[in-house]
Amino acid sequence: MKLEETIARKAKEMLKEVPVHGWDHTLRVYAIAKKLAKKYKADELIVSIAALLHDIGRAYKGKRHHALISAEMAKEWLEDEGVPKDIINAVCKAILAHSFSLGYDAETIEAKIVSDADKLDAMGAIGIARCFMESTLRKRSISEAIKHFNEKLLKLKDLMYTEEAKKIALKRHKFMLYFLSQLEEELREAIIEDDPQLL
């Protein structure tokens, strides 16, 4: 079995109970990352493995950041498969750099691509769907979900590294703005201003 297939099988099993950052999210990130890797002539093996493993740490609920756990697990899995150290190091750097909140710089083209692919999946129609899935899990209100758009999702277009990702991000960003405008208009229509029985 090819290395990529072995890693994919293990990642799928690890992520089967993870809802918003699970296997379906991983497959989308993997697909986008593969396309970007071809366009920018990056190391496709490093990009593919990092994309497949970037969120496996989310299977563990705890105080440690998921990207740190993912990188540690990736290192262990790849060592078990006899993967050369330089590839392991590159994969781990890409995993650490993908996270919005961890704050690691993406220094290689492979890390930049995985970061771009992960952030693109948090934008547009898919990003909206995922935001409200996560909001349901966290028991957030609609207004709290909107706050998440403003604090994170609407900032993502300015965090893209590759020109191709920037183009895709701009289109998805515009769609999110349209959606939020419509949502806020409907919320305004639903405001009760002068009913003392309910206020």
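Not measured: the values here are computed from a predicted model.

J.: Please give an account of the overall build of the chain that cites residues and values.
T.: Counting secondary structure elements, the chain contains 9 helices and 0 strands. Its helices and strands taken in sequence order, the chain reads α-α-α-α-α-α-α-α-α from the N to the C terminus. Counting the 199 residues in the chain, one finds 45% classified as buried. In the chain, the proportion of contacts linking residues at least 24 apart, taken out of those at least 6 apart, comes to 65%.

J.: Before we move on, could you go through the packing of helix H2 (residues 23-39) against helix H6 (residues 109-120) and cite the residues and values that matter?
T.: Between H2 and H6, whose axes approach to 8 Å, the crossing angle comes to 135°. Our classification of the angle between H2 and H6 gives oblique. The handedness of the crossing between H2 and H6 comes out as right-handed. Note on element contacts: H6 touches H2 through Ile113, Asp116, Ala117, Asp118 and Leu120, opposite His25, Val29, Ile32, Ala33, Leu36 and Ala37. Its residues assigned to classes, the contact of H2 with H6 comprises 8 nonpolar, 1 polar and 2 charged.

J.: Explain the packing of aromatic side chains to me, and be specific about the residues and the numbers.
T.: This structure, assessed with the given rule, holds 3 aromatic pairs. Between the aromatic rings of Phe132 and Phe149, the centroid separation amounts to 6.2 Å while the plane-to-plane angle is 45°, which identifies the pairing as tilted. Taken together, the positions of Phe132 in helix H7 (residues 124-137) and Phe149 in helix H8 (residues 142-151) put the pair 17 residues apart, joining distant regions of the chain. Accessibility expressed as a relative area gives 24% for Phe132, which makes it partly exposed. Their ring planes at 70° and their centres at 6.1 Å tell us that Phe132 and Phe179 sit as a pair that is edge-to-face. With Phe132 in helix H7 and Phe179 in helix H9 (residues 163-189), the pair connects residues that are 47 residues apart, well separated along the chain. The class for Phe179 is partly exposed, based on a relative accessible area of 25%.

J.: Now, about H9: what can you tell me, with residues and values included?
T.: The first and last C-alpha atoms of H9 sit 39 Å apart over 27 residues, in line with the 39 Å expected at 1.5 Å per residue. Three or more residues of H9 are buried, namely Ala165, Ala169, His173, Met176, Leu180 and Leu183. Elements in contact with the buried residues of H9: H2, H6, H7 and H8.

J.: So what about helix H4 (residues 66-80)? Which residues, and what values?
T.: Taking 1.5 Å per residue as the helical rise, H4 with its 15 residues ought to reach 21 Å, and the 21 Å between its terminal C-alpha atoms agrees with that figure. For H4, every residue scored as buried is listed here: His66, Ala67, Ile69, Ser70, Ala71, Met73, Ala74, Trp77 and Leu78. Where H4 is buried, its residues touch helix H1 (3-14), helix H3 (44-53) and helix H5 (85-97). Phi turns positive one or two residues past the end of H4, at Gly82, with a value near 75°.

J.: Which residues make up the packing of H1 against H3, and what values do they have?
T.: Contact geometry of H1 with H3 gives a least axis separation of 9 Å together with a crossing angle of 10°. One element, H1, and the other, H3, form an angle in the roughly parallel class. Residues Leu3, Glu4, Ile7, Ala8 and Ala11 of H1 form the contact with H3, whose own contacting residues are Leu45, Ser48, Ile49, Leu52 and Leu53. Residues that form the contact of H1 with H3 fall into these classes: 8 nonpolar, 1 polar and 1 charged.

J.: An account of the environment of Ala165 is needed here, citing residue identities and associated values.
T.: Structurally, Ala165 can be placed in helix H9. It is 39 Å that separates the C-alpha atoms of Ala165 and Ile191, two residues lying 26 residues apart in sequence.

J.: Break down the side chain of Asp118 for me, with residues and values.
T.: Assignment of secondary structure puts Asp118 in helix H6. Not counting residues within four places of it along the chain, the set of residues in contact with Asp118 comprises His25, Val29, His54, Asp55 and His98.

What counts as what
- Residues numbered from 1 in each chain as written.
- Predicted model: local features only at pLDDT ≥ 70, side-chain atom pairs only at ≥ 80, totals over all residues.
- Heavy atoms only, no water.
- Helix = DSSP H or I, 4+ residues; strand = E, 2+ residues; numbered from the N terminus.
- Buried < 20%, exposed > 50% of the residue type's maximum accessible area, 1.4 Å probe, protein only.
- Contact = heavy atoms within 4.5 Å.
- Axes fitted to C-alpha atoms, helices over the stretch in contact; angles between N-to-C directions.
- Parallel < 35°, antiparallel > 145°, perpendicular 65-115°, else oblique.
- Left-handed = near helix turned anticlockwise from the far one by under 90°.
- Nonpolar A, V, L, I, M, F, W, Y, C, P; charged D, E, K, R; others polar.
- Phe/Tyr/Trp six-rings, centres within 6.5 Å; stacked < 30°, edge-to-face > 60°.
- Expected span 1.5 Å × (residues − 1).

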